[in-house]
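A look at the structure
Read off the chains here:
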Amino acid sequence: MYCLIAAEVAIFTIFVVAYLFYLGKSTAGPQAKDVLHVPVFYTVCLLSSSLTVHIAVRKLISGRMAAFATLWLLTIVLGGVFLFGTAREWIHLIYDEGLTISTNLFGTTYYSLVGLHAFHVTAGLLMLSIVLLLGLAGRVGREQSVRVDVLSMYWHFVGAVWVVVFTVVYVLGR
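Criteria and cut-off values
Numbering of residues starts from 1 in every chain and runs along the sequence as written. Totals for whole chains, interfaces and linings use all residues, but because this is a predicted model, local features are given only for residues with pLDDT of at least 70 and pairs of side-chain atoms are given and counted only at 80 or more. The basis for the side-chain values is all heavy atoms of the structure; hydrogens and waters are excluded. Runs of H or I in DSSP of at least four residues are treated as helices and runs of E of at least two as strands, each being numbered from the N terminus. Think of it in three bands: residues with accessible area under 20% of the maximum for their type are buried, residues over 50% are exposed, and the middle band is partly exposed, with areas taken using a 1.4 Å probe on protein chains only. Accessible surface is estimated by sampling points in the Shrake-Rupley manner with a 1.4 Å probe; for residues, cover comes only from the protein chains shown. By the counting rule applied here, Lys and Arg register as positive and Asp and Glu as negative, while His and the ends of each chain are not counted. Every charge is mapped onto a representative atom, which is NZ of Lys, CZ of Arg, CG of Asp or CD of Glu. To obtain each axis, a line is fitted to C-alpha atoms, and for helices this fit is confined to the stretch in contact; angles are then taken between N-to-C directions over 0 to 180 degrees. Reported orientations rely on four angle classes, namely roughly parallel under 35 degrees, roughly antiparallel over 145, roughly perpendicular from 65 to 115, and oblique for the rest. By convention the crossing between two helices is left-handed if the near helix lies anticlockwise of the far one by an angle smaller than a right angle, and right-handed if it lies clockwise. Any pair of residues with heavy atoms lying within 4.5 Å of one another is described as a contacting pair. Ten residues, namely Ala, Val, Leu, Ile, Met, Phe, Trp, Tyr, Cys and Pro, are considered nonpolar, four, namely Asp, Glu, Lys and Arg, are considered charged, and the remaining ones, Gly among them, are considered polar. Working definition: a ring pair exists when centres of Phe, Tyr or Trp rings (six-membered ring for Trp) sit within 6.5 Å. Plane angles under 30 degrees give stacked, over 60 give edge-to-face, the rest tilted. What makes a salt bridge here is a side-chain nitrogen of Lys or Arg within 4 Å of a carboxyl oxygen of Asp or Glu, nothing more. Residues are said to line a cavity or pocket when one of their atoms sits within 4 Å of a point; the points come from a 1 Å grid over protein atoms alone, cavities being sets where a 1.4 Å probe fits but cannot get out and pockets being open sets with protein on both sides within 12 Å along at least five of seven lines. Grid points are joined across faces, edges and corners, and a volume is the space filled by probe spheres set on the points. What a helix should span is 1.5 Å times the count of its residues minus one.

Within the protein chain, the regular secondary structure consists of six helices and zero strands. Starting at the N terminus and ending at the C terminus, the protein chain contains elements arranged as α-α-α-α-α-α. Referenced to the eigenvectors of the C-alpha coordinate spread, the extents of the protein chain come out at roughly 60 × 30 × 20 Å. Within the protein chain, the fraction of its 174 residues that count as buried is 44%. Summing over all exposed atoms, the protein chain offers an accessible surface of approximately 8900 Å²; the carbon and sulfur share of this is 71%. Averaged over its 10 positive side-chain charges, the protein chain has a centre that lies 11 Å from the centre of its 7 negative ones.

Dropping the structure here:
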């Protein structure tokens, strides 16, 4: 997992640098300051899910399976709400603001960076859902807690990356 995260850090770094490099260089079409709204609620949801996944793993280690499943499900719901917020923002940008990936440099770098993150959230939600289903089927217990904790590391990484993306896109980029 450490190797995967290191590789992912390199990939996200490239996308963040590209976003920052091209920020403000578009002369036509909508710009970040004109069309982006800061997604505070959805950000709180994603960052809260990092806490719920951490506590869920602790419950798994202590053998409290019902608490584990509940907190794991809450993590999935919070991640899903975040992903819904991303989709909602994209629908607004495309249909209300006319910003697509091919509109201008801002659109290209914005959708590439935020889309890369959304892909990672989606992959994480898929993996979290598989663990939940296996847990409900009685196939995840204390013996698998180390493996489950490795998955939680990935989820923490997804949250940490969002802090960077949020800062670059919604704070510095405005």
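To continue, consider the packing of helix H4 (residues 65–96) against helix H6 (residues 145–172). The N-to-C vectors of H4 and H6 enclose an angle of 30°; their axes lie 13 Å apart at closest approach. By the angle class used here, H4 and H6 are roughly parallel. As H4 packs across H6, the resulting crossing turns out to be left-handed. Taken together, the residues of H6 that come into contact with H4 (itself represented by Phe68, Trp72, Thr75, Gly79, Phe82 and Glu89) are Val148, Leu151, Trp155, Trp162 and Tyr170. Of the residues contributing to the contact of H4 with H6, the split by class is eight nonpolar, two polar and one charged.

The subject of this paragraph is the packing of aromatic side chains. What the rule picks out here adds up to 14 aromatic pairs. Taken together, a centroid distance of 4.8 Å and an interplanar angle of 75° make the contact between Phe82 and Trp162 edge-to-face. Of this pair, Phe82 sits in helix H4 while Trp162 is found in helix H6, placing the two residues 80 residues apart along the sequence. A relative accessible area of 2% places Phe82 in the buried class. The class for Trp162 is buried, based on a relative accessible area of 2%. Seen in terms of ring centroids, Trp162 and Phe166 are 6.4 Å apart; in terms of plane orientation they differ by 55°. Their pairing is tilted. Of this pair, Trp162 and Phe166 both sit in helix H6, separated by four residues, roughly a single helical turn. Residue Phe166 is classed as buried on the basis of its relative accessible area, which comes to 17%. One aromatic cluster in this structure is built from Tyr19, Trp90, Phe106, Tyr110 and Tyr111.

It is worth spelling out the pattern of salt bridges at this point. Summed over the entire model, instances satisfying the criterion amount to one salt bridge. Between Asp34 and Lys33 there is a salt bridge, and its shortest N-O distance comes to 3.8 Å. Exposure remark for Lys33: the relative accessible area of 55% places this residue in the exposed category.

For the rest of this paragraph, the subject is the layout of surface pockets. Where empty space is left in the structure can be found by rolling a water-sized probe over the atoms. Empty space within the largest pocket amounts to approximately 240 Å³. Around the largest pocket, the lining comprises 15 residues; the ones closest to its centre are His37, Pro39, Tyr42, Gly85 and Glu89. For the lining of the largest pocket, the secondary-structure elements that each account for two or more residues are H4 and H6. No other element matches H4, which puts seven residues into the lining of the largest pocket. Classifying every residue of the lining of the largest pocket by side-chain character gives nine nonpolar, four polar and two charged.

So, about helix H5 (residues 105–136). Here H5 is 32 residues long and its end C-alpha atoms lie 46 Å apart, about the 46 Å a rise of 1.5 Å per residue gives. Positive backbone phi, approximately 80°, marks Gly138, located one or two places after H5.

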